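# Examining the three-dimensional arrangement
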Amino acid sequence: MALSYISIICALLSYVDSRILTVDRVPEILPYELIARLTSSTFVLSQPLCYFNKQPQLPCTDNTCEIWSVIASGPGVHNFDLDKVREGSQILSSSPYPDAFVSEVPKRYFITKLGVPRDFPCGQVPGVRYFKVGADGNCSTTNCNGILPAGTTVRVKYILIDPVTREVVSESKWSNPIALISPRAISSMDESMWKRSAAMVVITVILSCTLAVLLLLLAAVLLLDW
Ligand SMILES: *[C@@H]1O[C@H](CO)[C@@H](O)[C@H](O)[C@H]1NC(C)=O
């Protein structure tokens, strides 16, 4: 009896899951150097250009579907993949940003909005196009684009939401793990930078003294000659 219930539930779950079309794209950190491409709490991704455009069998269009991103650390990856099926139309509020990493039982992921596929077109687009995770700082609304706890390692996926049902209808693959800079690395960097500038001061002083002595010698030589 229990077994048949379980198999029915599994069948239902796989039915729901199979309606989410996976696109064969992997979000990645911006490939070129940019200021603050990676800090202790933010990072910069390539945009989901041409990820979800003109996909057949979608209930919404390039103008109405909504592209969101999921930012997850550790078990958050698994938690989201379960929730997108279990929570259905509640998925966007299943792990509010303010609680995502600090509540009693944190889900360790949050979801924030980018726009519609029309704004992320296929083909050549001019300029550097990027998406900065953490742009809203330590914010307080459910789907704000908040910073991450310092030194976290995160993975990201772009998802497509049906504006009517509020369910996930398509998704990219998870990115590779992205390791944010840990506070210890920052403080040791500060320290080595400080040591380096102290060394610079010493060298400058020595050089100035040497120069002064040389000038004095030169003056003496000239005076004696004269
Ligand atoms: C955001 O602020 C809250 C409250 O001050 C704090 O508990 C939390 O650690 C902060 N989050 C981050 C990622 O710094």
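To keep things clear, this report deals only with the structure shown in the data block. (Residues numbered from 1 in each chain as written. Predicted model: local features only at pLDDT ≥ 70, side-chain atom pairs only at ≥ 80, totals over all residues. Heavy atoms only, no water.)

## Digging into the nonpolar core
- Judged by nonpolar contacts, the single largest core of 28 residues is most densely connected at F43, L45, F110, V133, L148 and Y158.
- Here this core takes 4 residues from strand β6 (residues 153-161), the largest share from any one element.
- Those residues in contact with L148 that sit more than four places away from it in its chain are S40, S41, F43, I71, F101, F110, V133, V154 and L180.
- Membership of the second largest hydrophobic core comes to 14 residues, among which are I20, A72, V77 and Y109. (Core = buried A, V, L, I, M, F, W, Y, C linked by side-chain atoms within 4.5 Å. Buried < 20%, exposed > 50% of the residue type's maximum accessible area, 1.4 Å probe, protein only. Helix = DSSP H or I, 4+ residues; strand = E, 2+ residues; numbered from the N terminus. Contact = heavy atoms within 4.5 Å.)

## Considering unusual backbone geometry
- The backbone of Q57 sits at a positive phi, close to 65 degrees, despite the residue not being glycine.
- Checked against the element boundaries, Q57 lands in the loop between β2 (43-46) and β3 (66-73).
- Residue Q57 is classed as exposed on the basis of its relative accessible area of 70%.
- A positive phi angle, near 60 degrees, is found at R108, a position not held by glycine.
- Its place among the elements puts R108 in the loop between α2 (76-86) and β4 (109-115).
- A relative accessible area of 28% places R108 in the partly exposed class.

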